[in-house]
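Fold and geometry: a report
Listed here are the chains, written in short residue letters.
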Amino acid sequence: PPDAAGVATLAVILLSSALLMCWDLGDGYLWQDEAQTALLARSVLEHGVPMGYDDRNHFSQELGAEYGDDGVWRWHTWLPFYLLAAFFAVLGESTLVARLPFALAGFATVAATYQLGRRVSRDRRLALAAAALLALSVPFLVLARQSRWYSLSSLFCVISLCGYLDLSAGRRRGGVIFALGIVALFHTHYFYAAAVLASIAIHTGCWQRDRLLSVLGW
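The following refers to the structure shown.

Quick notes on the rules
- Residues numbered from 1 in each chain as written.
- Predicted model: local features only at pLDDT ≥ 70, side-chain atom pairs only at ≥ 80, totals over all residues.
- Heavy atoms only, no water.
- Helix = DSSP H or I, 4+ residues; strand = E, 2+ residues; numbered from the N terminus.
- Buried < 20%, exposed > 50% of the residue type's maximum accessible area, 1.4 Å probe, protein only.
- Contact = heavy atoms within 4.5 Å.
- Areas by Shrake-Rupley, 256 points an atom, 1.4 Å probe, with all protein chains shown as cover.
- Lys, Arg positive; Asp, Glu negative; His and termini not counted.
- Charge placed at Lys NZ, Arg CZ, Asp CG, Glu CD.
- Salt bridge = Lys/Arg side-chain N within 4 Å of Asp/Glu carboxyl O.
- Patch = residues over 30% accessible without salt bridge, like charges linked within 9 Å, V, L, I, M, F, W, Y side chains within 5 Å.
- Core = buried A, V, L, I, M, F, W, Y, C linked by side-chain atoms within 4.5 Å.
- Phe/Tyr/Trp six-rings, centres within 6.5 Å; stacked < 30°, edge-to-face > 60°.

1. A short note on the overall build of the protein chain
A tally of helices and strands in the protein chain yields ten helices and zero strands. In sequence order, the secondary structure elements of the protein chain are arranged as α-α-α-α-α-α-α-α-α-α. A principal-axis box enclosing the C-alpha atoms of the protein chain has dimensions of 55 × 40 × 25 Å. Counting only residues that meet the buried cut, the protein chain has 41% of its 218 residues in that class. Sequence separation of at least 24 residues holds for 64% of the intrachain contacts in the protein chain that already meet a minimum separation of 6. Accessible surface computed for the protein chain: about 11,900 Å², of which carbon and sulfur atoms make up 65%. If you average the places of the 16 positive and of the 16 negative side-chain charges in the protein chain, the two averages end up 16 Å apart.

As structure tokens, this is what we get:
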């Protein structure tokens, strides 16, 4: 059972992470990439799919190369736009709301990192240290607080790895966690999904060959 000191330490880390992630999110305008995310999310509410322009503005940074002749966005996978569109639909449009879902994903990444640390090390202190280092990482905070896909990709990478380790340990739930994580990661940014799958394949092939079939087709 968890010790009281460990639970208290984890609570402090998570509370600190939540404050750092969400403090003054609405301060400052959305910069170029963030504004693109917000405009594409707005277009989802209007058209059902992310569009590269509306009646007055084009949302391109590459002279229109990001979308086809039909205007449908094709350079990025769409999950971040749909997620933000849902927040806009419920909470309205503002700078704070534009950043909120991604900041929450950053907070969730800190919590998931603690779980990943437990699976890797089986040592609560190391898991707490990993979560604390991530929660206080300035580059991570800067990226996670932006209205962009960065924090979502981090979160789903960690979830996928947690699922893989559960699967490698023979836990049946690992297959579900891994599948959900990798599918969500693919729809956030397909490059990172490919990188995670390649890394897992190499790790399995080199050190866990006896579990290769279960990892590929549980």
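2. What to know about the side chain of T37
As for its position among the elements, T37 is in helix 2 (residues 32-47). If near-sequence neighbours (up to four positions away) are discounted, T37 is found in contact with F81, L84, F102, S147 and R148.

3. Observations regarding unusual backbone geometry
Although it is not a glycine, D24 sits at a positive phi angle of roughly 55°. Residues other than glycine seldom take positive phi values, yet R122 does so here, at roughly 55°. Note that R122 resides in the loop between helix 4 (95-121) and helix 5 (124-135).

4. Observations concerning the environment of E46
Considering the arrangement of structural elements, one finds E46 in helix 2. Given a relative accessible area of 51%, E46 falls into the exposed group. For the pair formed by E46 and V120, sequence separation is 74 residues and the distance between their alpha carbons is 44 Å.

5. Things to note about the pattern of salt bridges
All told, the structure shown has six salt bridges when counted by the stated rule. With a shortest N-O distance of 2.9 Å, R99 and E34 are connected by a salt bridge. Here R99, found in helix 4, pairs with E34, found in helix 2; they are 65 residues apart in sequence, far enough to count as distant. Each member of the pair, R99 as well as E34, is classed as buried. Between R171 and D166 there is a salt bridge, and its shortest N-O distance comes to 3.0 Å. A relative accessible area of 0% places D166 in the buried class. Each of the salt bridges in this network shares a partner with another, and the network as a whole consists of R119, D166, R171 and R173.

6. What about a nonpolar patch on the surface?
On the surface, F186, Y190, F191 and Y192 cluster together to form a nonpolar patch covering roughly 420 Å² of accessible area. For the nonpolar patch, the element with the most residues is helix 9 (residues 190-207), which contributes three residues. Among the secondary structure elements, F186 is positioned in helix 8 (residues 173-188). On the basis of relative accessibility, which here comes to 42%, the residue F186 falls in the partly exposed class.

7. Things to note about the environment of D54
As for its position among the elements, D54 is in the loop between helix 2 and helix 3 (79-91). Overall, the relative accessible area of 21% leaves D54 in the partly exposed class. In this structure the C-alpha to C-alpha distance between D54 and L39, which are 15 residues apart in sequence, comes to 9.0 Å.

8. Some details on the nonpolar core
One finds W73, L84, F88, F156, L185 and V196 to be the most contacted residues of the largest nonpolar core, which totals 31 residues. Of all elements in the fold, only helix 2, helix 3, helix 4, helix 7 (150-168), helix 8 and helix 9 reach the threshold of two or more residues within this core. Among the elements that line this core, the one with the most residues is helix 7, at seven residues. In this structure F88 touches A38, A41, R42, L45, E93, S94, V97 and A98, once residues within four positions along its chain are discounted. Within the second largest apolar cluster, 16 residues are counted, among which are L100, V110, A127 and A144.

9. A word on the packing of aromatic side chains
Within the structure shown, the criterion is met by five aromatic pairs. Note on W149 and Y192: the rings are 5.7 Å apart at their centroids and 45° apart in plane angle, and the pair reads as tilted. A residue pair is termed long-range when its members are at least 10 positions apart, and W149 in the loop between helix 6 (138-144) and helix 7 and Y192 in helix 9 qualify at 43 residues. Overall, the relative accessible area of 15% leaves W149 in the buried class. Under the relative-accessibility criterion, Y192 is labelled partly exposed at 31%. Residues F191 and Y192 carry aromatic rings whose centres are separated by 5.6 Å and whose planes lie at 85° to one another, so their mutual orientation is edge-to-face. Residue classification places F191 among the exposed positions, given a relative accessible area of 53%. Here the aromatic cluster, defined as three or more aromatic residues joined through ring pairs, consists of W149, Y150, F191 and Y192.

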